[in-house]
Every structure is written in C-alpha cells, then in structure tokens.
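# Observations on chain architecture
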Amino acid sequence: MKTNRFWILLLICFSLFPEDLLGCTSIIITGKLTKDGRPLLLKQRDGGNENNRIESFHGEKYDFITLVNSEYVQKDLVWCGINEMGLAITSNASNNLGNRENGGYSSPKVIYLALAKCKNLQEFECLLDSIKLFVPTNFGAIDAGGGAAYYEVGETNWTKFDVNDPSVAPDGYLVRTNFSFSGNMLEQNGIERYRTANKIVAEHLGKKDFSAKWIFNNICRSFRREDLKHDLSKLRKNVGTSTYFDESKYIASQYSVASVVFQGVRVDESPRNAVMWTLLGWAPTGFVVPLQVNRILPAYVQSKNDTDLNSILCDQSIHLKRRVFIKKGNLKELDKQLLFGSRGLLNNIRGIERNMFGTFEKKGRNFSDEELHTFYGKYNNEIMHYYQYIK
C-alpha cells in the first residue's frame, strides 16, 4: 500500500511540476547565422505529462498563442509562447539558482504575464524587476527588434545573457538546459544535453544557414551523446535492432513531450510574420506545424472538443512512440530499425515535412485565410494517411 501511495504521489508531482522533475533544452540562434536573417529560439520540453496542445489568448494588451498541458486548469499555466508584437518566450527550470519550492512566481505565470502585456525585451525586463520572488528559471526570449537573450532568474534577482553581445556569445548563439551559469556550477543538471546541443550547433556554424527545419532534424530528434562520443542513429547494424536507451540524457529523451521553434522576424518586417513552428508529442514520431498569432489555427493542434482536451496530432505521436520503446525487464530499449532504418519513421516523417517547410517558407506568410485553411487541410491529410499506414 505504501508503495502504491508513493507512485501515485510521484505521478501527481510529474503532472503538476513536470519541468521541475525532468529537464528541457533551449537554444537561441541570432539572425546573422540563419539562412533568412531571422532569429530562432528553441524549446524542447521534457515533462511528465505527455499530452500538450496549443491555446490562444486575448491578453491585457496583446493576443498570443502558447503551448499548454492538454488538461490545464490554470489560465496562466503556459510553457512557452509568442504574442502579436513578435515577443517569444521560453523557460527551462534551473536547479542551481536557489530554492525551487519558495512559493514565488513560477515560469508559466511569468510567461503568461509577459506575453499579455510586453512587446519587447526591455518591457520584459521591467516585468522581471516588478516581481519580488521567483521560482529559479532560465528564460529565453527574442523580439521583433532583433533582441535575443537568456535571463537566468534566481529567487530575487536576474542576470541577462545577451546573445547579440560578442563578449557573451562570440559565435552568435547560446544553449541552456537545467543549470545556470550565474548559479552554483558544482550543480549542472542537464550538462550532457548542454554539451551535445552546443557541439551540434558549433559543428554547423560555418554554413550560416540555420533554420527551423535544421533544428528539428538535428537537435530535437538527436540521439547523440557528446559525453559518450556516440550517436544511436548511426550505430552499425551489427549492434542489433535495439539499444539500451538512457532516457534522461539524450535530447530526444523518453520524457520529451513537445518541441517548439520560434522563428522571429527581421528588423525591417512586420511582427505578424513571426512563426511558432510546433511539434506536439515526441519529436521522432511527431510532425511540425507552422502557427502564427491572429491567424487560423488548425483543429488538430487544439483540443478535440469540450470533453476531450487532447490534440489529435499529439495523440498520434504518443501512440507511435509506444511502438518505438521495447521493454526488457526493468529497462527500456529503442527499436533502431523501426526508427532509423532506410524506411524507418524518421526518414518518412522528414520526407513529408520537407514539402511542408518548402511551401510555407516560400508562400505561407502571405497566404490568405482560405489558402492557409487549404494548406493545413492538405498537410493534415498527408499526416493522418501516414499514421494510418504505419499502423
């Protein structure tokens, strides 16, 4: 009975405070490194609640769209988002900046307030100054004026890391996981994911052609471990069809529940052109969908109805994820053939997404409502046809 009570309490904690118990990976890449001059901000969300969806809000000043738990009960329980002024914000729990059980403002509440009434980094900083007690967090933010920064927020103070400042980010990008550089560096939760993401980006720097598609394919779906010097997706076939999967230290961990890349705007264009590229569910089995504030949102990224709050797209990704993991005793292994084979899931999903990325990047920002509706409908048909086929 005591054992059952323990697991029940643990599941409740995972549901209420998923970012606290697990981890997330974030990257900011400035426009000088991207193929179109637009900055990029990644949030790879790890959490105990697999069901995520998109919710839109009419804030105090601005409209915005966000990632939420499907069954969320608090209006301000949002994990990342972007508003109509082009301000995008993400968060990673920080475990070396102080007490995370202090009753202070949580990261979802801060993000909700910021998106509702802040238009840029300067106003976000004013909001931070107005709050007296925080749950320690690493916030990532980009705005329509070219601003890009991480804010390592302790219990009562914060430190800014400006990604446009060569003395802070000499290569034009920064990575964050679940420790802060302004905190106790003896505690580095997520250091394995940090080193891997940092190395993957560093290896690609010379090309200066980063894009949202590149981040999803090379970061969000990465099975590389820089500390072990291996990549599960590239192990030789004679290793076997399955390999033990240490779920907590890969970027595409078993606990990854959503991936979002915010693509900002150039300083000479409208904030309405910003895009929230969204993948609900597990990145290796899910599909990316481009979303924008105050535009049509496809039904398949929102709740099905008033009683079933899950997203269809998230449900399909989770269902397929179940087939990838093989239970062997108390361990879980990864079916490499199903995932990485020449006709495996990743190759097929990337092929379907390739057309979507090409079409939207070329014309999507100028779609009429009717054209956008048609685009989403066609893409949905391709996705659902694949999910039916793979069953």
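Procedures and definitions
- Residues numbered from 1 in each chain as written.
- Predicted model: local features only at pLDDT ≥ 70, side-chain atom pairs only at ≥ 80, totals over all residues.
- Heavy atoms only, no water.
- 1 Å grid on protein atoms, 1.4 Å probe; cavity = no way out; pocket = protein on both sides within 12 Å on 5 of 7 lines; lining within 4 Å.
- Points joined across faces, edges and corners; volume = space filled by probe spheres on them.
- Helix = DSSP H or I, 4+ residues; strand = E, 2+ residues; numbered from the N terminus.
- Nonpolar A, V, L, I, M, F, W, Y, C, P; charged D, E, K, R; others polar.
- Pairing = 2+ DSSP bridges.
- Axes fitted to C-alpha atoms, helices over the stretch in contact; angles between N-to-C directions.
- Expected span 1.5 Å × (residues − 1).
- Buried < 20%, exposed > 50% of the residue type's maximum accessible area, 1.4 Å probe, protein only.
- Contact = heavy atoms within 4.5 Å.
- Parallel < 35°, antiparallel > 145°, perpendicular 65-115°, else oblique.
- Left-handed = near helix turned anticlockwise from the far one by under 90°.
- Disulfide = S-S within 2.5 Å.
- Salt bridge = Lys/Arg side-chain N within 4 Å of Asp/Glu carboxyl O.

### Observations concerning empty space enclosed by the protein
In the structure shown here, the tally under the stated rule is one cavity of 30 Å³ or more. Along the walls of the largest cavity sit Q316, H319, L320, R323, Y387, I390 and K391, which together make up its complete lining. Mapped onto the lining of the largest cavity, the elements with two or more residues apiece are α7 (312-324) and α10 (369-390). Classifying every residue of the lining of the largest cavity gives three nonpolar, two polar and two charged.

### Observations concerning the sheet that holds strand β2 (residues 40-46)
Sheet architecture is open: six strands sit in the order β10-β1-β2-β14-β15-β16, paired in antiparallel fashion. Each end of this open sheet is capped by a strand with a single partner; those strands are β10 (173-176) and β16 (288-291). On average, each strand axis in the sheet is inclined to that of its neighbour by 15°, with strand direction left out of account. Pairing between β2 and strand β14 (residues 256-263): seven bridges, direction antiparallel. The residue bridging L41 from the neighbouring strand is F262, located in β14.

### Quick notes on helix α5 (residues 191-204)
Here α5 is 14 residues long and its end C-alpha atoms lie 20 Å apart, about the 20 Å a rise of 1.5 Å per residue gives. Turning to α5, its buried residues number three or more, namely I191, E192, R193, Y194, T196, A197, I200, V201 and H204. Elements that come into contact with the buried residues of α5 comprise β1 (25-29), β10, α6 (212-220) and β11 (224-225).

### Notes on the packing of α7 against α10
The geometry of α7 relative to α10 is characterised by a closest axis approach of 11 Å and an angle of 25° between their N-to-C directions. In this view, α7 runs roughly parallel relative to α10, as classed from their interaxial angle. Pair α7 / α10 crosses with left-handed handedness. On α10, the residues touching I312, L313, Q316, S317, L320 and R323 of α7 are I383, M384, Y387 and I390. For the contact of α7 with α10, the class distribution of residues is seven nonpolar, two polar and one charged.

### Let's talk about the state of the cysteines
According to the stated counting rule, one finds zero disulfides in the structure shown. Of all cysteine sulfurs in the structure, the one in C80 sits closest to C24, which takes part in no disulfide; the separation is 9.2 Å. Considering cysteine sulfurs only, C80 is the nearest to C220, which forms no disulfide, with 11 Å between them.

### A short note on the pairing of strand β6 (residues 88-93)
Among the six residues that make up β6, six are buried, leaving the element largely enclosed by the rest of the structure. Side-chain alternation along β6 places A88, T90 and N92 on one buried face and I89, S91 and A93 on a second face that is also buried. In textbook terms, the turn of a hairpin is the stretch between consecutive antiparallel strands, and for strand β5 (residues 80-83) and β6 this stretch comprises four residues, one of which, G86, has a positive phi near 90°. With six bridges joining them, β6 and strand β7 (residues 137-142) adopt antiparallel strand pairing. Across the sheet, A88 pairs through a bridge with I142, a residue of β7.

### Focus on the environment of R195
With respect to the element layout, R195 can be found in helix α5. On the accessibility criterion, R195 (45% relative accessible area) is partly exposed. Separated by 97 residues in sequence, R195 and G98 place their C-alpha atoms 23 Å apart.

### Quick word on the environment of K391
Tracing the backbone shows K391 in the segment after α10. Taking the C-alpha atoms as reference points, K391 and F357, 34 residues apart in sequence, are found 25 Å from one another. Beyond its immediate sequence surroundings of up to four residues, K391 is in contact with Q316 and R323.

### As for the pattern of salt bridges
Tallied over the entire structure, the rule returns 18 salt bridges. Salt-bridge contacts for R221 lead to E353; the nearest nitrogen and oxygen are separated by 2.8 Å. On the criterion of sequence distance, the pair formed by R221 in the loop between α6 and β11 and E353 in helix α9 (residues 345-363) is long-range, its members being 132 residues apart. Its relative accessible area of 3% is what places R221 among the buried residues. On the basis of relative accessibility, which here comes to 1%, the residue E353 falls in the buried class. D308 is the salt-bridge partner of K304, the closest N and O atoms lying 3.3 Å from each other. By relative accessible area, K304 is classed as partly exposed at 33%. When salt bridges that share partners are traced, they join E203, R224, E226 and K229 into one network.

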